[in-house]
Amino acid sequence: EYKVASGGRDTNVLVWHLPDFSANAAVDSSNRNGKVTTNESGVEGVRLNAQYTFKGHTDTVEDVAFHPTDSNILCSVSDDTRLLFWDSRCDHGKPVNAVKASEVDVHVVDWNALNTNLIVTGGKDKIVKVWDWRKIGEFSSPRKGGKKQQEGETASEKDMVIMSHSHEGEILRASWSPHDENVFASASDDGCLNVWDLSRKKGTNSSDEEATTTANDNDKPNTDGATAGAENDSGEGDDGNTNKPKKSRFGEAPPDELLFTHSGHRNPITDFQWNPHDPWTVVSSGSGANVASTCQFWRISDLITRPKEEVMQELEKHSAYICGRAAKPAESGDDTEDTGDDTSDAGDDPNTKEEDFVKREEENMTRNPSYETAQEEAFEAMDL
C-alpha cells in the first residue's frame, strides 16, 4: 500500500492513502469543476483527504515513521517529549503505546527495517537513543498489562533503551543502515555525523533476545569505552576493528558503539541518506551558521568496517613499506643502505628547511611580478 504519514504544529498525525487520490479529492464550494482547489498557502492542486487522523500529542509533531512491515502501525515524536505508537485498527484518539523519550523536544525517529524491534530517536537534549519496541510494549502499555503498570510503578528508560550516547549539538537526523541491522547514523548541528554499530558493544548483540534486557547506565561515566581504548592500543580489542581511537577530539574515550565520525561539514548537518546499493556510502548536506551550504558524498574506509583479522592480513602485505617509513627517524642509521633515499622524505631537519626556503621563494615570486608591473607602468607614465 502507498501511504504517507505527516505531522505538524496542529499536534496531529495524519496518514494519507495515495490510491484514494482520485476518489477522495475534495470539492471546494468555490471551485465548480471540482478538480483544483486552493489551500491556505495559496498553492493550487487537487486536495486529498487524510485517511486517518491520530490525536494524542500536545505539541508540534517533529517526525513520524512507519513500521517497516506493517503499514497499520507507525510512531511519532513531538516537542511534548514523547514517543507515541499508533495502530490504524485501534482508537485513533489514543496511542497504543507511549513513552517519555526525553526531557525536552524530540526531533527525529526512525524504525529499523532489518530488525523491527529497534527504534532510534534524537532531539534537543543532544542524545541519540536506541529503543527496544518489545520492552516499550511490555513496560509502558496498560492495555497489554505491562509489568510496571501492574505493580503501580513507573517504567524507567533503563528498562527500554539499548544505547544512549550524546553529540555536541542537537540531533537533526537519524537513519538506520539498509545493509546492516546493527548500524545507524545520526547527524547533529555540531557539524558531525556519527556512524554507530551496536554489535561493537561489549558482550551484546542487538539481534539477540537477551541483548535488549541490558541498557546503558546514562548517569555513570563510560568506563567500558576507556577500557576498550586501552585494549585497542595493545592490539587486543574484543570486537576487532583497528580504527578505533583511544580518545575522541573532545578528549574523552569514545563509546564502544561509535564506529566513525564524519566531520567534514562546517555547519549543521540537516540531512543525509545511505546509498541503497553501496554499503558505507553516504551523502550528507549541511546549511546555516553563516557558512556556504555543502552537499558531500563520502565513503567509510574498508579498513574501518572490515574485521580485524582481514585488516591485519591486508596490512601485513605492505608492512615493510609502512613500518620502514615510520621507523626512519628512530633508527640509528646502520640498516639504511637499501632505503637511504627515503630518510630525507621522513622529515629530517635539512629537508624541512629546504622546503621552507622553497615556499618563501615561491611567495616572493608571487609578489614580485605585480610589484615590477606596477613600477613599469609608473615609468611609462613619466615618459609620456
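Note that this is a predicted model, so its numbers are computed, not measured.

## Details of the overall build of the protein chain
Reasoning step 1: Scanning the protein chain from terminus to terminus reveals seven helices and 20 strands.
Reasoning step 2: Looking at the 384 residues of the protein chain, the share that counts as buried comes to 37%.
Reasoning step 3: For the protein chain, contacts bridging at least 24 residues in sequence account for 54% of all contacts bridging at least 6.

## Structural notes on the pattern of salt bridges
Reasoning step 1: For the structure on display, the rule yields nine salt bridges.
Reasoning step 2: A salt bridge links Arg82 to Asp80, with the shortest nitrogen-to-oxygen separation between them at 3.4 Å.
Reasoning step 3: What makes Arg82 partly exposed here is its relative accessible area of 24%.

## So, the pairing of strand S6 (residues 61-66)
Reasoning step 1: Strand direction decides the pairing type here: S6 and strand S7 (residues 73-78), joined by five bridges, are antiparallel. Each bridged residue has a counterpart across the sheet, and for Asp63 the counterpart in S7 is Val77.
Reasoning step 2: Between the antiparallel neighbours S6 and S7 lie six residues.

## Some remarks on unusual backbone geometry
Reasoning step 1: Phi at Thr81 is positive, roughly 80 degrees, even though this residue is not glycine.
Reasoning step 2: Here Thr81 lies in the loop between S7 and strand S8 (82-87).

## Comments concerning empty space enclosed by the protein
Reasoning step 1: This model, assessed by the stated rule, comprises two cavities of 30 Å³ or more.
Reasoning step 2: Sorting the residues of the lining of the second largest cavity by element identifies strand S11 (118-123) and strand S12 (127-132) as the ones contributing at least two each.
Reasoning step 3: Here the lining of the second largest cavity gets three residues from one element, more than from any other, and that element is S11.
Reasoning step 4: Of the residues belonging to the lining of the second largest cavity, the class tally is three nonpolar, four polar and two charged.

## Section: the sheet that holds strand S13 (residues 161-166)
In any sheet, the strands associate via hydrogen bonds between backbone groups, in a parallel or an antiparallel arrangement.
Reasoning step 1: On the basis of which strands lie adjacent, the open sheet formed by four strands has the order S10-S11-S12-S13 and antiparallel pairing. At either margin of the open sheet sits one strand with a lone partner, and together these are strand S10 (106-111) and S13. Here the strands of the sheet are splayed against their neighbours by 15 degrees on average, with no regard to which way each runs.
Reasoning step 2: Where S12 meets S13, five bridges bridge the pair, whose relative direction is antiparallel. Each residue of the ladder has a partner; that of Val130, found in S13, is Met163.

## Comments concerning the sheet that holds strand S20 (residues 294-299)
Reasoning step 1: If you walk across this open sheet you meet the three strands as S18-S19-S20, and the pairing is antiparallel. Each end of this open sheet is capped by a strand with a single partner; those strands are strand S18 (269-274) and S20. Pairwise comparison of adjacent strand axes, ignoring direction, gives a mean angle of 20 degrees for this sheet.
Reasoning step 2: Bridge analysis of S18 against strand S19 (residues 281-286) gives five bridges, and the strand direction is antiparallel. For Phe272, the partnering residue across the bridge sits in S19 and is Ser284.

## Remarks on the packing of aromatic side chains
By convention here, two paired aromatic rings are described through the distance between centres and the angle between planes.
Reasoning step 1: Using the criterion set out here, one finds eight aromatic pairs in the structure.
Reasoning step 2: For the pair Trp111 and Trp133, a centre-to-centre distance of 5.0 Å together with 80 degrees between the ring planes defines the contact as edge-to-face. Of the two residues, Trp111 sits in strand S10 while Trp133 sits in helix H1 (residues 133-140), which places them 22 residues apart along the sequence. Residues Trp111 and Trp133 agree in their burial class; the two are buried.
Reasoning step 3: Among the aromatic residues, those joined into a cluster by ring pairs are Tyr52, Phe54 and Trp86.
Reasoning step 4: Just above the ring of Phe272 sits the side chain of Arg173; from NZ or CZ to the centre is 5.1 Å.

## A few points about the nonpolar core
Reasoning step 1: Cys75, Leu83, Phe85, Val109, Trp111, Trp131 and Ile136 are the most contacted members of the largest nonpolar core, which has 18 residues in total.
Reasoning step 2: Where this core is concerned, the elements lending two or more residues are S7, S8, S10 and H1.
Reasoning step 3: The residues touching Val109, leaving out its near neighbours within four places in the chain, are Asp63, Val64, Ala65, Cys75, Val77, Leu83, Ile119, Val120 and Thr121.

## Concerning the side chain of Thr281
Reasoning step 1: Structurally, the position occupied by Thr281 is in strand S19.
Reasoning step 2: Side-chain polar atoms of Thr281 contact the side chain of Asp278, separated by 2.8 Å.
Reasoning step 3: In this structure, Thr281 is in contact with Gln273, Trp274, Asn275, Trp298 and Arg299, ignoring residues within four places of it in sequence.

## Description of a nonpolar patch on the surface
Reasoning step 1: Taken together, the side chains of Leu303, Met312, Leu315, Tyr321 and Ile322 make up a nonpolar region of the molecular surface, amounting to roughly 450 Å² of accessible area.
Reasoning step 2: Structurally, Leu303 can be placed in helix H4 (residues 302-305).
Reasoning step 3: Residue classification places Leu303 among the partly exposed residues on the basis of a relative accessible area of 33%.

## Considerations on the environment of Asp63
Reasoning step 1: Assignment of secondary structure puts Asp63 in strand S6.
Reasoning step 2: Asp63 sits in the partly exposed class, given a relative accessible area of 23%.
Reasoning step 3: The spacing of Asp63 and Ser6 is 57 residues in sequence and 7.6 Å in space, taken between C-alpha atoms.
Reasoning step 4: Sequence-distant contacts of Asp63, defined by excluding residues within four places in its chain, comprise Cys75, Ser76, Val77, His107, Val108 and Val109.
Reasoning step 5: Looking at Asp63, its side chain comes within polar contact range of the main-chain nitrogen of Val109, at 3.0 Å.

Conventions adopted
Residues numbered from 1 in each chain as written. Predicted model: local features only at pLDDT ≥ 70, side-chain atom pairs only at ≥ 80, totals over all residues. Heavy atoms only, no water. Helix = DSSP H or I, 4+ residues; strand = E, 2+ residues; numbered from the N terminus. Buried < 20%, exposed > 50% of the residue type's maximum accessible area, 1.4 Å probe, protein only. Contact = heavy atoms within 4.5 Å. Salt bridge = Lys/Arg side-chain N within 4 Å of Asp/Glu carboxyl O. Pairing = 2+ DSSP bridges. 1 Å grid on protein atoms, 1.4 Å probe; cavity = no way out; pocket = protein on both sides within 12 Å on 5 of 7 lines; lining within 4 Å. Points joined across faces, edges and corners; volume = space filled by probe spheres on them. Nonpolar A, V, L, I, M, F, W, Y, C, P; charged D, E, K, R; others polar. Axes fitted to C-alpha atoms, helices over the stretch in contact; angles between N-to-C directions. Phe/Tyr/Trp six-rings, centres within 6.5 Å; stacked < 30°, edge-to-face > 60°. Lys NZ or Arg CZ within 6 Å of the ring centre and 35° of its normal. Core = buried A, V, L, I, M, F, W, Y, C linked by side-chain atoms within 4.5 Å. Polar contact = N/O pair within 3.5 Å; in protein donor to acceptor, adjacent residues only side chain to side chain. Patch = residues over 30% accessible without salt bridge, like charges linked within 9 Å, V, L, I, M, F, W, Y side chains within 5 Å. Areas by Shrake-Rupley, 256 points an atom, 1.4 Å probe, with all protein chains shown as cover.

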